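As a plain string of letters, each chain reads:
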Amino acid sequence: MPILKFASEIFQEFTQARNKKSRVDILDKYSTHPTFPWVIDFIFNPKYEFHVPEPFPEYHLNDSPLGLNETHLHEQMKRLYLFLKGNASAEKIDNAKRTEILIQILEGLHPAESEVFIAMLKKQSPIKYLTKSLVEEVYPKMFGIQTNVQPVQEKEEEIASV
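Residues numbered from 1 in each chain as written. Predicted model: local features only at pLDDT ≥ 70, side-chain atom pairs only at ≥ 80, totals over all residues. Heavy atoms only, no water.

(A) Spatial organisation of the environment of glutamate 107. By secondary structure assignment, the location of glutamate 107 is in helix α6 (residues 95–108). Between the C-alpha atoms of glutamate 107 and histidine 60, which are 47 residues apart in sequence, the distance is 5.8 Å. With residues near it in sequence (within four places) discarded, glutamate 107 still touches Tyr59, His60, Asn62 and Glu70. Of the polar contacts made by the side chain of glutamate 107, one reaches the backbone nitrogen of histidine 60; its length is 2.9 Å. (Helix = DSSP H or I, 4+ residues; strand = E, 2+ residues; numbered from the N terminus. Contact = heavy atoms within 4.5 Å. Polar contact = N/O pair within 3.5 Å; in protein donor to acceptor, adjacent residues only side chain to side chain.)

Dropping the structure here:
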């Protein structure tokens, strides 16, 4: 069974890519990863808005090595709804409690994973060259973008009917 990379490791791989084609290949390679596409969606999709405490709270960095932390980003994704604007449960939480939950999450994560979580909440790309236009190019369905590309089978049927 292959070992899954952490989202922060995928972002690190992305930053090491030397050109756009390599970056597109990395995004495509991890399109079926259980966490990474969700992270990208939450960062760039305008339909998601989050309650972000202002000022952003200070927290203690977790000094455990990546993978040996109390929790992982994949596990904490299920708690993201607590920050989602418009979510009935999230709207019942006062800002002080939400800030307390956020600090607990961030302190349990590896610092690199905390940065990814914060990037989702603030809807900011955590790395250079990861832009909304690049994400739309690789994951057009994520944003409801219609493409003119037909599935291969339909193209074959058109050719056969000629």
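(B) Spotlight on unusual backbone geometry. The linkage connecting glutamate 54 with the following residue, proline 55, adopts the cis geometry, with an omega of -5°. Structurally, proline 55 is set in the loop between α3 (36–44) and α4 (73–76). Notably, lysine 123 is not glycine yet its phi reads approximately 55°, a positive angle. Looking at the element boundaries, lysine 123 is found in the loop between α7 (111–122) and α8 (132–138). Its relative accessible area of 26% is what places lysine 123 among the partly exposed residues. Phi at tyrosine 129 takes a positive value of approximately 75°, unusual for a residue other than glycine. (Buried < 20%, exposed > 50% of the residue type's maximum accessible area, 1.4 Å probe, protein only.)

(C) Local environment of the packing of helix α1 (residues 7–16) against helix α2 (residues 20–29). Between α1 and α2, the least distance of the axes is 8 Å, while the angle of their chain directions is 160°. Judged by the angle between their axes, α1 and α2 are roughly antiparallel. Considering how the two elements wind past one another, α1 and α2 form a crossing that is right-handed. Contacts between α1 and α2 involve Ile10, Glu13 and Phe14 from the former and Arg23, Ile26, Leu27 and Lys29 from the latter. Taken together, the residues that form the contact of α1 with α2 break down as four nonpolar, no polar and three charged. (Axes fitted to C-alpha atoms, helices over the stretch in contact; angles between N-to-C directions. Parallel < 35°, antiparallel > 145°, perpendicular 65-115°, else oblique. Left-handed = near helix turned anticlockwise from the far one by under 90°. Nonpolar A, V, L, I, M, F, W, Y, C, P; charged D, E, K, R; others polar.)

Remember, this is a structural readout, not a statement about activity or role.
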